[in-house]
Each structure stands twice: as structure tokens, then as C-alpha cells.
Amino acid sequence: AEERQRLEEEMQRQKELARQEYNKQIIHKYGNKYGTLICDGKVCLNMTKEMCIAAWGEPLYVNSTIVKGLVHEQWVYGWHTYLYFDNNILTAIQN
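Predicted model only: the values in this text are computed from it and were never measured.

1. Some thoughts on helix α2 (residues 49-56)
Okay, step 1: Among the residues of α2, those classed as buried are Lys49, Met51, Cys52 and Ala55. Seen from one end, α2 has its buried residues packed into an arc of 155 degrees, which puts them on one side.
Okay, step 2: Structurally, α2 contributes buried residues whose contacts are with α1 (2-39), β2 (70-77), β3 (81-86) and β4 (89-94).
Okay, step 3: Positive backbone phi, at 85 degrees, marks Gly57, one or two positions downstream of α2.

Dropping the structure here:
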């Protein structure tokens, strides 16, 4: 039982170290403002699609419209939340 407890604690420690390293890489890649939001699982206006995927994961559905060379996308998530992009930049959040 003690060995099992020790192994579980070590696994938790390794998991926490991996999470900290991932967060450090995300903040380095996207800067403190956006990186911290992504690590907290949050999105905000002016994020790129890549940033939003890092924060929330892939959407369930993507609806696209192209008008005069401008690409509009609506990303649909499972909790009745929608992200709207114009040419890869988050311009609106609906929930």
C-alpha cells in the first residue's frame, strides 16, 4: 500500500511538472497576456485561431463564409458557445 501511494504521488508530481513546462512554453510562444489566458483555458478578442485551439481545443463544427475575399468563420463548441473569426482573428464571442 505504501509503495502504491508513493507511485501515485510520483505520477502526480510528474504530471504537475509537465503542466508547468507546457505553460512555460505557451507563455514563451504567445507572450504573457495571451499565454496566461490560454493556460487558464480562456479566450479573448484578437486571439488567432491557433491560440483559441490551444485554449479550448478543436470546435465541434466550423461554418465558413467568404465575402469579397474576407473569410468569416463561426466555430461551434458543445456548451452553446460560438467564436467568430475574420481572416483568422477572433472578433466576437457568443454564449
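Moving on from the model shown.
2. Remarks on α1
Okay, step 1: If you check α1, its first and last C-alpha atoms are just 34 Å apart, much less than what 38 residues at 1.5 Å a residue would give, namely 56 Å.
Okay, step 2: Gly31 marks where α1 bends most, by close to 135 degrees.
Okay, step 3: Those residues of α1 hidden inside the fold are in contact with α2.
Okay, step 4: Phi turns positive one or two residues past the end of α1, at Gly41, with a value near 75 degrees.

Cut-offs and rules
- Residues numbered from 1 in each chain as written.
- Predicted model: local features only at pLDDT ≥ 70, side-chain atom pairs only at ≥ 80, totals over all residues.
- Heavy atoms only, no water.
- Buried < 20%, exposed > 50% of the residue type's maximum accessible area, 1.4 Å probe, protein only.
- Helix = DSSP H or I, 4+ residues; strand = E, 2+ residues; numbered from the N terminus.
- Arc of directions from axis to C-beta.
- Contact = heavy atoms within 4.5 Å.
- Expected span 1.5 Å × (residues − 1).
- Bend = angle between axes of the 7 residues up to and from the residue.

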